[in-house]
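# Close look at the chain arrangement
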2 protein chains.
Amino acid sequence: MCGVAACPQYCWISKWRWDICPSAGGSMSNMYGMVLARYKAVPDSKMKGLSGLPPLVAFTSEDGHYSVKKAAHWLGIGTENVVAVKTDSHGRMMPSRLTCCIQQAIAEGKKPFFVSATAGTTVLGAFDPLEQIADICHQYGLWLHVDACWGGTLMLSKKHCHCLKGLERADSVAWNPHKMLGAPLQCALFLTKEKGLMHHCNSASASYLFQQDKFYDVSFDTGDKSVQCGRKVDAFKLWLMWKAHGSNGFESLINNAMDASRYFKEAIQVQPGFRLVLDEFECTNVCFWFIPPSLRGQEENDEWWNKIHTVAPKIKERLILSGTLMIGYQPLPHKGLRNFFRFVTSCHPPPTYADMDHVWQEIERLGADLW
Amino acid sequence: MCGVAACPQYCWISKWRWDICPSAGGSMSNMYGMVLARYKAVPDSKMKGLSGLPPLVAFTSEDGHYSVKKAAHWLGIGTENVVAVKTDSHGRMMPSRLTCCIQQAIAEGKKPFFVSATAGTTVLGAFDPLEQIADICHQYGLWLHVDACWGGTLMLSKKHCHCLKGLERADSVAWNPHKMLGAPLQCALFLTKEKGLMHHCNSASASYLFQQDKFYDVSFDTGDKSVQCGRKVDAFKLWLMWKAHGSNGFESLINNAMDASRYFKEAIQVQPGFRLVLDEFECTNVCFWFIPPSLRGQEENDEWWNKIHTVAPKIKERLILSGTLMIGYQPLPHKGLRNFFRFVTSCHPPPTYADMDHVWQEIERLGADLW
């Protein structure tokens, strides 16, 4: 695994520094992070449960992944005890707001224990300021988990790994090679810094499965640090990809995906009818509205935005029925944004400029007569 | 899915009666069962967590799978609040003991909420008496989950489905076609009876992923009832197998696996040096000791058993190094049983009598000179 860390500056995937466990996906990895944080904060909870404890509080940004809430539900923390920290206009967690939220939870007699920062948010592709968040976690003694499921792949590119500055200070990280890197589903990794903690936290030591009287070094039997029993050898996919592409190959694929995304953004910037949600995107996300000719140049009041809100779903319907393209859309209610397209590029198959042109041209073709 | 229920007597996999969700394995399915039970017992826990609640108590048998304890840890119940109910000599949960355990928990001011019965225990292949356990769950208002990961496949055989009598009364069931049925890892199903409960319990309603303004019936978008986000289409494996084999084909494969297991048991019964752990096994499990010639006919005192305890690990080492066979072994400490072999047959590849002979002959060949 060490070899995939192409970026010497942030060589975070190193067998000497991280304990790695494949998981069934990013949601599960985020749950792993929360479980470890809880075990670290209240080790007794493994045996005794949460019944007698004060409410534990977790923090993530309002642009973070919904799985943090699901984890809080499953783990008995409660979704109300996940505080959604406000983000800036680009979707990045605001450190000053995080501090306020932590102080407020303490003032309410609750016990903060976990911060999930995001490196590559789902919609806008934003990277939370990890250095500043790590400082705050250090100050208040909180576990720093980084949900880098989407953006973690940039680590493998010298050109782009600066986005993840501060990641090396995380206590745990979720990274999905099955997202931007294009590994076949499922290939998700959970990484944590403290060696042995996963085993202490998760082991059940079932003597009928994890025998210690074997003829080889049983420290290689790592199954009991997981919460799963039988598992696919998903790590093999990443290993095979790495053997096939090499670190330089990974880097080229990533740089190409980022370049295609930049090309796409610049292409639609000069097309009438396309409007970007943000001027700049940190990851390969490009979010935009398509404004049909009939709606251009009009006053952009509520009625106008109500119409725009229906454009993306309608064009998506037409794209699916015509079979030429699938592309996601969504609103972002906490930012007051109505339905817009979210277009992302990934490493496989390597996107070309022609692919990019196809995307906006199809949207233009199928949206021209709306509404 | 309905079509795989070959056994009309216990047609439990029916789209009209069960809500089905593929999961990442049996451990996760058992956790799904416990989460639903907890949500049913204390719906507020989803938002508020377990902090202010009395301790919740779960019950499983001492022969049940360790994942029930792991689930209790993750879900904030605590491993101490999983009561291991005593089993009979065959490894089946004793209903009278379950009742005692429930009453004791109530007397301690705790809140029983969940019983995980096992249909096909890992080691001995025992089937808990589901009818009687269902009666007790009904009496005390507890959720009945059945961990049928291993033995659930017998449902598809008219000849053997009697083992699962009472399964239709469960609130939830875990069944792994990737175990006895031989589907490729991973193919695990979680089933629950109350339609919509999974969605209510697990949904986060993230508007950026689960849009409601689509042109088709969004009730087919079932992703939000799961705790995972991106998932493999594991159900496809079972569907493909069923299309290839048909219900009758499944039944033949199961009957063949059970028959091969019976043949193996009868074969070693007449071989000197082989001793069965039980006279009868309900599933395809056959558990046995191999007694090397040098240890036969001696007084079976502690020292003798200490030697026997080392035989299975040594033979397993030799089997692995010779590359001819892999077979599991384990002790069963709560029954005072030292290391013994656990041999199971499954549907794929279909086991033959020659395969069965190979197994005991290899063990005999490599164990003859011990100790």
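What you are looking at is a predicted structure, and each value in this text was computed from that prediction instead of being measured.

Another aspect to go through is the overall build of chain A. In terms of helices and strands, chain A carries 9 helices and 11 strands. Here the C-alpha atoms of chain A give a radius of gyration of 22 Å, agreeing with the 21 Å that 2.2 N^0.38 yields for 371 residues. Along the first, second and third principal axes, the C-alpha set of chain A runs to 70 × 55 × 35 Å. When burial is assessed residue by residue, chain A has 58% of its 371 residues classed as buried. Total accessible area on chain A stands at roughly 14200 Å², and carbon and sulfur atoms take up 55% of it. Counting 38 positive and 35 negative side-chain charges, chain A places the centres of these two groups 4 Å from one another.

Moving on: the interface of chain B and chain A. Interface extent is often summarised as the accessible area lost during association of the parts. Facing the 67 residues of chain B at the interface are 67 residues of chain A. Together, the buried faces of chain B and chain A total about 5600 Å²; carbon and sulfur atoms form 57% of this surface. Among the salt bridges present, the one from A:Asp224 reaches B:Lys70, with a minimum N-O distance of 2.9 Å. Between the two partners, chain B and chain A, sit 37 residue pairs in polar contact (both at pLDDT 80 or more). Only helix H1 (26–41), helix H2 (45–48), helix H3 (67–74), helix H6 (197–202), helix H8 (302–322) and strand E10 (328–332) of chain B provide two or more residues apiece to the side of chain B that touches chain A. Element by element, the count of residues in the side of chain B that touches chain A is highest for H1(B), at 6 residues. Class assignment for the residues of the side of chain B that touches chain A results in 31 nonpolar, 24 polar and 12 charged.

When chain B is fitted to chain A, the best match, at an RMSD of 0.1 Å, comes from turning it 180° and sliding it 0.0 Å along the axis. Both copies of the chain, as the preceding transformation shows, are related through a two-fold rotation axis. Across chain B, the smallest distance between a C-alpha and the rotation axis is recorded for B:Leu75, namely 2.1 Å. Here 100% of the interface residues in chain B have copies in chain A that are interface residues too; the copies meet face to matching face.

Now for the packing of aromatic side chains. In total, this model carries 30 aromatic pairs over all chains according to the counting rule given. Measuring from centroid to centroid gives 4.0 Å for B:Tyr263 and B:Tyr353, while their planes differ by 5°, and the two rings are stacked. Taken as a pair, B:Tyr263 in helix H7 (residues 235–269) and B:Tyr353 in helix H9 (residues 353–367) lie far apart in primary sequence, 90 residues in all. Since its relative accessible area comes to 36%, B:Tyr353 is described here as partly exposed. Taken together, the ring pairs connect A:Phe264, A:Phe274, A:Phe288, A:Phe290, A:Phe341, A:Phe343 and A:Trp360 into an aromatic cluster. Its end group placed over the ring of B:Trp242, B:Lys243 keeps NZ or CZ at 5.8 Å from the ring centre. One residue, B:Arg342, lies across the ring of B:Trp150, its end atom 5.9 Å from the ring centre.

So, on to the pairing of strand E3 (residues 82–85) of chain A. Regular strands show a simple pattern: their side chains alternate between the two faces of the sheet. Residues and elements named next belong to chain A. Where strand E2 (residues 56–61) meets E3, 4 bridges bridge the pair, whose relative direction is parallel. Across the sheet, the residue bridging to Thr60 is Ala84, located in E3. Between E2 and its parallel partner E3, the chain crosses via helix H3 (residues 67–74), and the hand of that crossover is right-handed.

Thresholds, definitions, all that
Residues numbered from 1 in each chain as written. Chains lettered and ligands numbered in written order. Predicted model: local features only at pLDDT ≥ 70, side-chain atom pairs only at ≥ 80, totals over all residues. Heavy atoms only, no water. Helix = DSSP H or I, 4+ residues; strand = E, 2+ residues; numbered from the N terminus. Rg over C-alpha atoms; globule rule 2.2 N^0.38 Å. Buried < 20%, exposed > 50% of the residue type's maximum accessible area, 1.4 Å probe, protein only. Areas by Shrake-Rupley, 256 points an atom, 1.4 Å probe, with all protein chains shown as cover. Lys, Arg positive; Asp, Glu negative; His and termini not counted. Charge placed at Lys NZ, Arg CZ, Asp CG, Glu CD. Contact = heavy atoms within 4.5 Å. Buried area = accessible area lost by both parts, 1.4 Å probe. Salt bridge = Lys/Arg side-chain N within 4 Å of Asp/Glu carboxyl O. Polar contact = N/O pair within 3.5 Å; in protein donor to acceptor, adjacent residues only side chain to side chain. Nonpolar A, V, L, I, M, F, W, Y, C, P; charged D, E, K, R; others polar. Least-squares fit on C-alpha atoms with pLDDT ≥ 70 in both. Phe/Tyr/Trp six-rings, centres within 6.5 Å; stacked < 30°, edge-to-face > 60°. Lys NZ or Arg CZ within 6 Å of the ring centre and 35° of its normal. Pairing = 2+ DSSP bridges. Right-handed = clockwise from strand over helix to strand, strands pointing away.

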